[in-house]
Amino acid sequence: MISGLTCTWTAPDEATARVTIVGELEFATAGALLQLVTDRLADHPGVRDVRLDCGEIAFCDSSGLSTLLLIHRAVTGAGSRLHLDNRPPSLERLLSLTGTTEYLTGEVAYSRARRDS
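Everything numeric in this text was worked out from a predicted model, so none of it was measured.

Rules and cut-offs
- Residues numbered from 1 in each chain as written.
- Predicted model: local features only at pLDDT ≥ 70, side-chain atom pairs only at ≥ 80, totals over all residues.
- Heavy atoms only, no water.
- Helix = DSSP H or I, 4+ residues; strand = E, 2+ residues; numbered from the N terminus.
- Buried < 20%, exposed > 50% of the residue type's maximum accessible area, 1.4 Å probe, protein only.
- Areas by Shrake-Rupley, 256 points an atom, 1.4 Å probe, with all protein chains shown as cover.
- Pairing = 2+ DSSP bridges.
- Axes fitted to C-alpha atoms, helices over the stretch in contact; angles between N-to-C directions.
- Contact = heavy atoms within 4.5 Å.
- Core = buried A, V, L, I, M, F, W, Y, C linked by side-chain atoms within 4.5 Å.
- Expected span 1.5 Å × (residues − 1).
- Arc of directions from axis to C-beta.
- Polar contact = N/O pair within 3.5 Å; in protein donor to acceptor, adjacent residues only side chain to side chain.

Undergrad: What is the right way to look at the overall build of the protein in this model?
TA: When helices and strands are counted, the protein shows five helices and four strands. Listed N to C, the secondary structure of the protein is β-β-α-β-α-β-α-α-α in terms of helices and strands. The buried share of the protein, reckoned over its 117 residues, is 37%. Of the roughly 6,500 Å² that the protein leaves accessible, carbon and sulfur atoms contribute 52%.

Undergrad: What's the story with the sheet that holds strand E4 (residues 81-85) in this structure? I'm lost.
TA: Hydrogen bonds between backbone atoms are what pair the strands of a sheet, whose relative direction is either parallel or antiparallel. Sheet architecture is open: four strands sit in the order E1-E2-E3-E4, paired in mixed fashion. Both outer strands of the open sheet, strand E1 (5-13) and E4, are each paired with one neighbouring strand and no more. Taken pair by pair, the neighbouring strands of this sheet meet at an average axis angle of 20°, ignoring direction. Two strands pair when backbone bridges link them, and strand E2 (residues 16-25) and strand E3 (residues 49-60) are joined in this way by nine bridges, in the parallel orientation. By the bridge assignment, Leu 25 is partnered in E3 with Cys 60. Helix-sheet contacts for helix H2 (residues 62-77) involve E2, E3 and E4, and the interaxial angle to E4 is about 145°.

Undergrad: How should I be thinking about the nonpolar core in this particular structure?
TA: Side chains of nonpolar character tend, in soluble globular proteins, to be buried together. Core analysis: the biggest nonpolar cluster contains 26 residues, and Val 19, Leu 25, Leu 33, Val 37, Leu 52, Leu 82 and Leu 84 have the highest contact counts within it. Listing elements by their share of this core, those giving two or more residues are E1, E2, helix H1 (30-43), E3, H2, E4 and helix H3 (89-98). When neighbours within four sequence positions are excluded, Leu 84 is seen to be in contact with Leu 52, Cys 54, Leu 68, Leu 95, Leu 104 and Thr 105.

Undergrad: Looking at this model, I keep getting lost on H2. Mind explaining?
TA: Think of an α-helix as 3.6 residues a turn; residues three or four steps apart then line up on the same face. Compared with the 22 Å implied by 1.5 Å per residue over 16 residues, the 22 Å span of H2 between its first and last C-alpha is a close match. Buried within H2 we find Gly 64, Leu 65, Thr 67, Leu 68, Ile 71, His 72 and Val 75. Seen from one end, H2 has its buried residues packed into an arc of 155°, which puts them on one side. Residues Ser 62, Arg 73 and Gly 77 are exposed on H2 and point more than 90 degrees away from its buried face. The residue sitting at the N-terminus of H2 and contributing the capping side-chain oxygen is Asp 61; that oxygen lies 2.9 Å from the backbone nitrogen of Ser 63. Positive backbone phi, approximately 80°, marks Gly 79, located one or two places after H2.

Remember, this is a structural readout, not a statement about activity or role.
Set out below in structure tokens:
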């Protein structure tokens, strides 16, 4: 555990990595997540899908979002695909407000216009 954040890398198979994130993804902790993902990607070149399990992220600030963007760059640079699984409503709002949902996930954000129609 690093200052309120726990990140655990598991590999259900050779092509898939799952990183479970528990705690606060913010300025003081976000670097640990980035370091874990980049180090493990270098050690496991066969990984094609990196799945970040965000279900237990209690808080994510702009530094956390910046780190997710850096992770996306590292993952795609390694020829892999990033998935943000189990996003809590607060993270979903942050991604939507910043316009980064589609960039980070390939999914189109659930817009208010579609919800109201």
